[in-house]
Each structure stands twice: as structure tokens, then as C-alpha cells.
Amino acid sequence: MVLQSLAGLPAFLVYFCTAIVAVVAYLFVYTRVTAHNEFDLIRANEPAAAIALGLSLLGFVLPLVSAIAHSANVWDCMIWAAIAVVVQITVYFLVRVPVPNLSKRIAAGELAAAIWLGLASLAAGALNAASMIY
């Protein structure tokens, strides 16, 4: 019985490690695209940067979870993860339209800008995840 339960362990490890790589890649790409340095701001104890980046990460992880659950294989999952990255980067640029100085405001610690970016990212991620019906 225990061996039956562990039969899925290799697939679990492949998808889990793939997800970790995708998250690290997302954070690398996203933090290079934004006009503010999230990790420097977080190290400086700036909550606005942590809120914006954390919610953006959730906005990326939701479709990644959907891709893991629905993909035919790991390559399919990675394709959908790449699409999720594109969606999140697009959201960053779109939310700057009504708030052109968004990154400066986040760097200055303004929570309203961080919450706006973070929740827009989370909303887009939820829509992205729900749209992955295949």
C-alpha cells in the first residue's frame, strides 16, 4: 500500500522542481522588467515593495498551479508558465497607464500604488488560471 502511494513520487518531484524553477525564473525576469528594485526595497524594509511583489508572485503561481493540474506533460506546463510570465509583465505595464509614476510611488513606500499593482496582478493571474481550460 505504501509503495502504491509512492508510485506518483517521481512525477511529483518533476512537477514540483519544475515549478520551483519557473518561480525563480519569474522572479528574475519580473524584477528586471519593473522600474523599481523590489529586493533592495524589501531588504530596506519597504512594505510597499513586498506587497506588490508578493501579490504579483501569487498572480503568477495561480496559473502555474492550473498548468500543473491540467497539463499533458512538463513541457506543456512550462509553455503555460511562460504565458503566465507574459501576462504578469503585461499587467505591470497596463497598470502604469493610469498611474504613470507607479514604480517611483512604490519605491517611496506608497501603499496605494503597491496594492493597485499587486491586486491587478492577482486578478489577472486568477483570470489566467481560469482560462487554462484544455
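One can find the structure itself at the top, above this paragraph.
Read on for an overview of the structure. As the structure is a computational prediction, the values presented were derived from the model and not from experiment.

Reading the values: the criteria
All residue numbers here refer to positions counted from 1 along the written sequence of the relevant chain. Only residues with pLDDT of at least 70 are given local features in this predicted model, and only at 80 or more are side-chain atom pairs given and counted; all residues enter the totals for whole chains, interfaces and linings. For the side-chain quantities, the full set of heavy atoms in the structure was used; hydrogens and water were omitted. Residues belong to a common nonpolar core when they are buried Ala, Val, Leu, Ile, Met, Phe, Trp, Tyr or Cys residues joined through side-chain atoms within 4.5 Å. A simple rule labels every residue: compare its accessible area, found with a 1.4 Å probe on the protein chains alone, to the largest value its type can have, and call it buried under 20%, exposed over 50%, or partly exposed in between. Strands are runs of DSSP state E lasting at least 2 residues, helices are runs of H or I lasting at least 4, and numbering of each runs from the N terminus. We call two residues contacting when some pair of their heavy atoms lies within 4.5 Å. Here is the rule: rings of Phe, Tyr and Trp (six-membered ring for Trp) pair when centre to centre is within 6.5 Å. Planes less than 30 degrees apart are stacked, more than 60 are edge-to-face, and the remainder are tilted. Salt bridge criterion: a side-chain nitrogen from Lys or Arg within 4 Å of a carboxyl oxygen from Asp or Glu.

1. Observations concerning the nonpolar core
The biggest cluster of nonpolar side chains holds 31 residues, and the ones touching the most others in it are Y30, F60, L64, L102, I106 and L117. Secondary structure elements with two or more residues in this core: α2 (9–33), α4 (47–70), α5 (74–95), α6 (102–107) and α7 (111–131). If one sorts the elements of this core by residue count, α5 sits on top with 8 residues. Not counting the four nearest positions on each side in its chain, F60 is found in contact with A22, V23, Y26, A81, A84, V85 and Q88.

2. Description of the packing of aromatic side chains
In this description, a pair of aromatic rings is defined by centroid distance and the angle of the planes. Tallied over the entire structure, the rule returns 5 aromatic pairs. Between Y30 and Y92 the ring centres are 6.2 Å apart and the planes differ by 75°, which places this aromatic pair in the edge-to-face class. Residue Y30 is found in helix α2, and its partner Y92 is found in helix α5; the two are separated by 62 residues along the sequence. We classify Y92 as buried; its relative accessible area is 0%. Relative to F93, the ring of Y92 lies with its centre 5.1 Å away and its plane at 70°, an arrangement referred to as edge-to-face. Counting every residue linked through ring pairs, the aromatic cluster contains Y26, Y30, F60, Y92 and F93.

3. Here's the deal with the pattern of salt bridges
Tallied over the entire structure, the rule returns 2 salt bridges. D40 is paired through a salt bridge with R43; the nearest N and O atoms lie 2.8 Å apart. Here D40 pairs with R43, and both are found in helix α3 (residues 38–43), just 3 residues apart, close to one helical turn. Residue R43 is classed as exposed on the basis of its relative accessible area, which comes to 64%.

4. Quick word on unusual backbone geometry
Backbone geometry places N45, a non-glycine residue, at a positive phi of 65°. Locating N45 in the fold gives a position in the loop between α3 and α4.

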